[in-house]
Amino acid sequence: MLDKRLNIIRSDLADERLRGQVDADRFVAGQPAQIVCSVAALHAAPDENAMVVTEALRGEMVRVFERSGGWAWVQLDEDGYCGYVRQTALDAPVAVTHRITVPRTFIYPGPDLKLPKVAALSMGSLIEGIGETETRGTRYLITRSGEAVFAAHCVPRDETVSGDFVAVAERFVETPYLWGGRSGFGIDCSGLVQLSMMMTGNRVARDADMQAKGLGEEIGRESLRRGDLVFWTGHVGIMQDAETLLHANGHTMRVSRENLDAAIERIRPSSGDPTVFRRP
């Protein structure tokens, strides 16, 4: 069902910018909406038990193409990924001003860390800040609804947190592995690459096979250094240095560091040798 729906969106051209560049009978613009929950799972079918194909973070924009039975068929603006999301995760768009820069943080009903949290937010989430205030020496960013986030955990939405995406990825060490995960609460291998690079101002494809085909330039194994990427069929890892691989993996079920040679030997029986090495 997911492949069928995705082909419909692509053939109908959900993005008006492609009009005239490819051949299609009709164009579907989609209705803009915004993610309002902490993390919204996108499923392969309109069923809570269907496979999660990716996730959307609070404040991110989607385009809605169909609503039925409490579900919406959407496409993420960030990377074009499609899937089914619960309609309760969506609302009308509002202007967002700030981005969360730490792996995880809390949002409170007011500017006081002693209040019970309203929700937890992941790095990359977008919020609408209208000002700041201070309580007992702690600065808070205040949202239009009156909720509050620790100000030091936010930056204006167009600012980057670092020029080194590996430094961002390192902050997720010990984060649980989660198939389809793209947040500080659970993340998969390509999600780690995408989210850490997004925080440094670089938009990249969602899946490992897409990243392997178009991200940066191909290099030889002998040239590997910090920031290079190692791809297997269905898997990707980030070189922390010339010998150490940083990756979200199902072997340890977390983001972990591993000697590259040891990882290659361990992975070989199930997935073969690396298919390509790339430098973003």
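For the structure given in this document, a descriptive report is provided here. (Residues numbered from 1 in each chain as written. Predicted model: local features only at pLDDT ≥ 70, side-chain atom pairs only at ≥ 80, totals over all residues. Heavy atoms only, no water.)

Attention now moves to the pairing of strand β22 (residues 254–259). Across 6 bridges, the pairing between strand β21 (residues 244–249) and β22 is antiparallel. Bridged to Ala248 within β22 is Val255. In this structure, the hairpin formed by β21 and β22 is closed by a connection of 4 residues, where Met253 is found at a positive phi of approximately 60°. (Pairing = 2+ DSSP bridges. Helix = DSSP H or I, 4+ residues; strand = E, 2+ residues; numbered from the N terminus.)

This next bit is on the packing of aromatic side chains. Tallying each qualifying case throughout the model produces 2 aromatic pairs. Measuring from ring centre to ring centre gives 5.0 Å for Trp73 and Tyr84, while their planes differ by 55°; the resulting arrangement is tilted. With Trp73 in strand β5 (residues 71–76) and Tyr84 in strand β6 (residues 82–86), this residue pair connects regions lying 11 residues apart in the sequence. Geometrically, the ring pair formed by Phe106 and Tyr108 is edge-to-face, given 6.4 Å between the ring centres and 70° between the ring planes. For Phe106, a relative accessible area of 38% gives the class partly exposed. Residue classification places Tyr108 among the buried positions, given a relative accessible area of 13%. (Phe/Tyr/Trp six-rings, centres within 6.5 Å; stacked < 30°, edge-to-face > 60°. Buried < 20%, exposed > 50% of the residue type's maximum accessible area, 1.4 Å probe, protein only.)

Our focus in this paragraph is the pattern of salt bridges. Applying the stated criterion to the full structure yields 19 salt bridges. A salt bridge links Arg226 to Asp164; the nearest nitrogen and oxygen atoms lie 2.9 Å apart. Of this pair, Arg226 sits in the loop between β18 (217–219) and β19 (229–232) while Asp164 sits in the loop between β15 (154–156) and α2 (165–170), placing them 62 residues apart in sequence. In this structure Asp164 comes out as partly exposed when scored by relative accessible area, which is 27%. The partner of Glu174 in a salt bridge is Arg254, with the nearest N and O atoms 3.1 Å apart. Taken together, the residues span a long stretch of sequence, with Glu174 in the loop between α2 and β16 (182–183) and Arg254 in strand β22 at a distance of 80 residues. Residues joined by salt bridges that share partners form a network here, namely Glu132, Glu134 and Arg139. (Salt bridge = Lys/Arg side-chain N within 4 Å of Asp/Glu carboxyl O.)

Backbone hydrogen bonds hold the strands of a sheet together, and the pairing may be parallel or antiparallel. Strand order in the open sheet formed by 5 strands is β10-β9-β14-β13-β12, and the pairing between neighbours is antiparallel. Only two strands of the sheet have a single partner each, and these edge strands are β10 (119–122) and β12 (129–135). Across the sheet, the mean angle from the axis of one strand to that of its neighbour is 35°, orientation sign disregarded. Strand direction decides the pairing type here: strand β13 (residues 138–143) and strand β14 (residues 148–150), joined by 3 bridges, are antiparallel. Residue pairing across strands places Tyr140 opposite Phe150, the latter belonging to β14. (Axes fitted to C-alpha atoms, helices over the stretch in contact; angles between N-to-C directions.)

For the rest of this paragraph, the subject is the nonpolar core. Counting 28 residues, the largest nonpolar core has Leu229 and Ile238 as its most contacted members. Elements represented by at least two residues in this core include exactly α2, α3 (189–198), α4 (208–214), β19, β20 (235–239) and β21. Of all the elements, α3 adds the most residues to this core, at 6 residues. Apart from the residues lying within four places of it in its own chain, the contact partners of Leu229 are Phe165, Val193, Leu215, Val236, Gly237, Ile238, Val276, Phe277, Arg278 and Pro280. Judged by nonpolar contacts, the second largest core, of 16 residues, contains Leu42, Val62, Leu76 and Leu90. (Core = buried A, V, L, I, M, F, W, Y, C linked by side-chain atoms within 4.5 Å. Contact = heavy atoms within 4.5 Å.)

Attention shifts here to the side chain of Thr105. By secondary structure assignment, the location of Thr105 is in strand β9 (residues 104–108). A polar atom in the side chain of Thr105 sits 2.7 Å from the side chain of His153. Setting aside residues no more than four positions away along its own chain, Thr105 makes contact with Ile100, Ala119, Ala120, Leu121, Val149 and His153. (Polar contact = N/O pair within 3.5 Å; in protein donor to acceptor, adjacent residues only side chain to side chain.)

Right, let's get into the environment of Glu222. Looking at the element boundaries, Glu222 is found in the loop between β18 and β19. Since its relative accessible area comes to 70%, Glu222 is described here as exposed. In this structure the C-alpha to C-alpha distance between Glu222 and Asn49, which are 173 residues apart in sequence, comes to 44 Å.

Spatially, 6 strands are ordered β18-β23-β19-β20-β21-β22 in an open sheet, and the strand pairing comes out antiparallel. Each edge of the open sheet carries a strand with a single partner, namely β18 and β22. Each strand axis lies, on average, 35° off the axis of its neighbour in the sheet, ignoring direction. Inspection of the sheet shows β19 paired to strand β23 (residues 276–279) by 3 bridges, in the antiparallel sense. Note on β23: the bridge partner recorded for Leu229 is Arg278. Packing of α3 onto the sheet brings it into contact with β19, β20, β21 and β22, and relative to β20 it is tilted by some 45°. Seen against the sheet, helix α5 (residues 260–271) touches β19, β20, β21 and β22 and runs at an angle of roughly 110° to β22.

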